[in-house]
Amino acid sequence: MKNFPTKLHPHRHHRTQESQNQETEAIEEQEQEKARCEWDFSLTTIVSSGGGDNISTPAISDALGVIEFDQTNSIIATGGIARKIRIYKLQSLLPHENTGQDQVRGTICLDHARACDYCICTPAKLSSIRWKPGSCGGVLGSGDYDGVVMEYDLERRIPIFERDEHGGRRVWSVDYSHWDPVLGASGSDDGTMQMWDTRCESGECVATVQPSVGGSAVCCVEFNPFGGPIVAVGCADRNVYGYDIRMTIAPVFVLDGHRKTVTYIKFVDNVTLVSASIDGCLKLWNSDNSNVIRSYRGHVNNRSFVGLSVWRKGGLLGCGSENNKVFVYDKRWGDPIWDSRV
């Protein structure tokens, strides 16, 4: 008896595969829609130069460039071109703490002068601020437009540390190591990332790195907040570089995928990072293999530093947008799960 070959049915297989793909997409859409419903976002407070009267036209001279929560998530510090560090207690900004205040569309409107706990005047416009680990919210570091890194004692409200090693070129970003808390780092328009010892009054330089061969500006610096010896650096040459702070001769990884300047870099976990760029997207990376896990699009960003924040516990990414909105992404999906005009 002859053995006949088994007949193949490519078209049937194709239809089955196509059907499976459609089912998978439908499930993903349902999960993403479910995620949107899991979160209840709303704008609760607006703090501006003119309180409720000038919300739509804030003073250009008072533009904010950076905002940072302290380690207890109870204190907020802001900085910008007004040459002021303003300190706010989070509870004082929440609606239930401000009964009787004027409200617009259910949103509380406050003036900086009334809302902030106190402010510290700085010698130059600020581009970056960062709370110093282990200081119990008592020390805040800053980088400014004049290329100077400073630390402020918030209890005494005075500067306690200053270094000027970037040749007067703007410092875009400062951060502190969690692996070795005496180390700080700054990234500048001069094309370098410099690490320095905060125990020295003059900020002794520990290492200087020029990630880009062409000397492109270093726009963002972040140490691994989970305690590892890695520092990530984002540059105007469109790349993200990772260095082992124990040996900075060459990067341990290079993340290449953005089409324009990388403006922010944040660790999501010990291996995963998210970057922002003026190419209009965020990218999630696996630093072990330097591969892109996912890209996020929806916000508008083609010229400015619009901010990037990560809520690691909740798996959410937040960023600003040049169309006057705030966007929130669930790290599992490339489309935003929420946006709001502010």
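Placed above this text is the structure.
Report on the accompanying structure. For every chain, the first residue of the written sequence is number 1, and numbering continues from 1 onward in sequence order. Since the coordinates come from a predicted model, pLDDT governs what is reported: local features require at least 70, and pairs of side-chain atoms require 80 or more to be given and counted, while whole-chain, interface and lining totals use all residues. Working from all heavy atoms in the structure, the side-chain values ignore hydrogens and water.

**Brief notes about the overall build of the protein chain**
What counts is decided by this rule: Helix and strand definitions follow DSSP, with helices as H or I runs of at least four residues and strands as E runs of at least two, each counted in order from the N terminus. Only heavy atoms matter for contacts: two residues are in contact if any of them lie within 4.5 Å across the pair. Note on areas: these come from Shrake-Rupley sampling with a 1.4 Å probe, and a residue is covered only by the protein chains present in the view.
A tally of regular secondary structure across the protein chain gives three helices and 27 strands. Put simply, of all contacts in the protein chain between residues at least 6 apart along the chain, 43% involve residues at least 24 apart. Accessible surface, the protein chain as shown: approximately 18000 Å² in total, 49% of it carbon and sulfur.

**What about the packing of aromatic side chains?**
Stated formally: Centre distance within 6.5 Å is the pairing criterion for rings of Phe, Tyr and Trp, where only the six-membered ring of Trp is used; planes under 30 degrees apart are then read as stacked, over 60 as edge-to-face, and the remainder as tilted. For each residue, the accessible area found with a 1.4 Å probe, counting protein chains only, is set against the maximum for its type, and the residue is called buried under 20%, exposed over 50%, and partly exposed in between. When the NZ atom of lysine or the CZ atom of arginine is within 6 Å of a ring's centre and also within 35 degrees of its normal, the charge is said to sit over that ring.
Enumeration according to the criterion identifies six aromatic pairs in this entry. With a centroid separation of 4.4 Å and 10° between ring planes, the pair formed by tryptophan 172 and phenylalanine 305 is classed as stacked. With tryptophan 172 in strand E12 (residues 171–176) and phenylalanine 305 in the loop between strand E23 (291–296) and strand E24 (308–311), the pair connects residues that are 133 residues apart, well separated along the chain. Take phenylalanine 305: its relative accessible area is 32%, and that puts it in the partly exposed class. Three or more aromatic residues joined by ring pairs form one cluster here, namely Phe161, Tyr176 and Trp196. Over the aromatic face of tyrosine 118 sits the side chain of arginine 157, whose NZ or CZ is 3.9 Å from the ring centroid. The side chain of arginine 170 reaches across the aromatic face of tyrosine 145, ending 3.9 Å from its centre.

**As for the environment of serine 42**
Structurally, serine 42 can be placed in the loop between helix H1 (10–38) and strand E1 (45–48). Residue classification places serine 42 among the exposed positions, given a relative accessible area of 53%. In this structure the C-alpha to C-alpha distance between serine 42 and tryptophan 338, which are 296 residues apart in sequence, comes to 9.8 Å.

**Thoughts on the pattern of salt bridges**
Two side chains with opposite charge may pair up if their charged atoms get near one another. Formally: Here, a salt bridge means any side-chain nitrogen of Lys or Arg that lies within 4 Å of a carboxyl oxygen of Asp or Glu.
This model, assessed by the stated rule, comprises 13 salt bridges. Arginine 312 is the salt-bridge partner of glutamate 222, the closest N and O atoms lying 3.8 Å from each other. Linking glutamate 222 in strand E16 (residues 218–223) with arginine 312 in the loop between E24 and strand E25 (316–320), this pair joins segments that are 90 residues apart in sequence. With a closest N to O distance of 3.3 Å, glutamate 322 and arginine 303 form a salt bridge. With glutamate 322 in the loop between E25 and strand E26 (325–330) and arginine 303 in the loop between E23 and E24, this pair connects stretches of sequence that are 19 residues apart.

**Some remarks on the sheet that holds E23**
Our working rule: Here, any two strands with at least 2 DSSP bridges between them count as paired. To define axes, lines are fitted to C-alpha atoms, for helices over the stretch in contact only, and angles between the resulting N-to-C directions are given on a 0 to 180 degree scale.
Taken in spatial order, the four strands make up an open sheet running E20-E21-E22-E23, and their pairing is antiparallel. Pairing within the sheet leaves two strands with one partner each, and these edge strands are strand E20 (262–267) and E23. Taken over all neighbouring pairs, the strand axes of this sheet differ in orientation by 25° on average, direction set aside. Here five bridges tie strand E21 (residues 272–277) to strand E22 (residues 282–286), and the two strands are oriented antiparallel to one another. Following the sheet pairing, threonine 272 is matched in E22 by asparagine 286.

**Concerning the nonpolar core**
The line we're drawing: Side-chain atoms within 4.5 Å are what join buried Ala, Val, Leu, Ile, Met, Phe, Trp, Tyr and Cys residues into a set we call a nonpolar core.
In terms of nonpolar packing, the biggest core is built from 15 residues, with Met193, Met195 and Val231 touching the most fellow members. Once you skip the residues sitting within four places of it in the chain, methionine 193 turns out to touch Ala185, Ser186, Gly187, Ala207, Thr208, Val209, Val218, Val221, Val231 and Val233. The next biggest cluster of nonpolar side chains, apart from the first, holds 14 residues, and it includes Ala77, Ile129, Met150 and Tyr152.

**Things to note about a negative patch on the surface**
We apply this condition: Each patch is built from residues that are more than 30% exposed by relative accessible area and take part in no salt bridge. Like charges join if they lie within 9 Å; nonpolar side chains (Val, Leu, Ile, Met, Phe, Trp, Tyr) join within 5 Å. The charge count treats Lys and Arg as positive and Asp and Glu as negative. His and the chain ends do not count. By convention, charge coordinates are those of NZ in Lys, CZ in Arg, CG in Asp, or CD in Glu.
A contiguous patch of negative charge on the surface is contributed by Asp146, Glu162, Asp164 and Glu165. When you line up the elements, glutamate 162 lands in strand E11 (residues 158–163). The class for glutamate 162 is partly exposed, based on a relative accessible area of 45%.

**Comments concerning the sheet that holds strand E14 (residues 193–197)**
Here four strands make up an open sheet; going across it, the order is E12-E13-E14-E15 and the pairing antiparallel. Unpaired on one side and paired on the other, E12 and strand E15 (205–209) mark the two borders of the sheet. Neighbour to neighbour, the strand axes of the sheet diverge by 15° on average, direction disregarded. In terms of strand pairing, E12 meets strand E13 (residues 183–188) through five bridges, oriented antiparallel. Considered in E13, the bridge of tyrosine 176 is made with glycine 184.

**With respect to the environment of valine 221**
Counting through the fold element by element, valine 221 comes out in strand E16. Setting aside its immediate chain neighbours within four residues, valine 221 contacts Ser173, Asp175, Ala185, Ser186, Gly187, Met193, Val231 and Ala232.

**What about the pairing of strand E19 (residues 253–256)?**
Here E19 shows one buried face, formed by Phe253 and Leu255, and one open face, formed by Val254 and Asp256. One ladder, built from four bridges, connects strand E18 (residues 239–244) with E19; its direction is antiparallel. Following the sheet pairing, tyrosine 241 is matched in E19 by valine 254.

Note that every value here comes from positions in space, so none of it alone points to a role or purpose.
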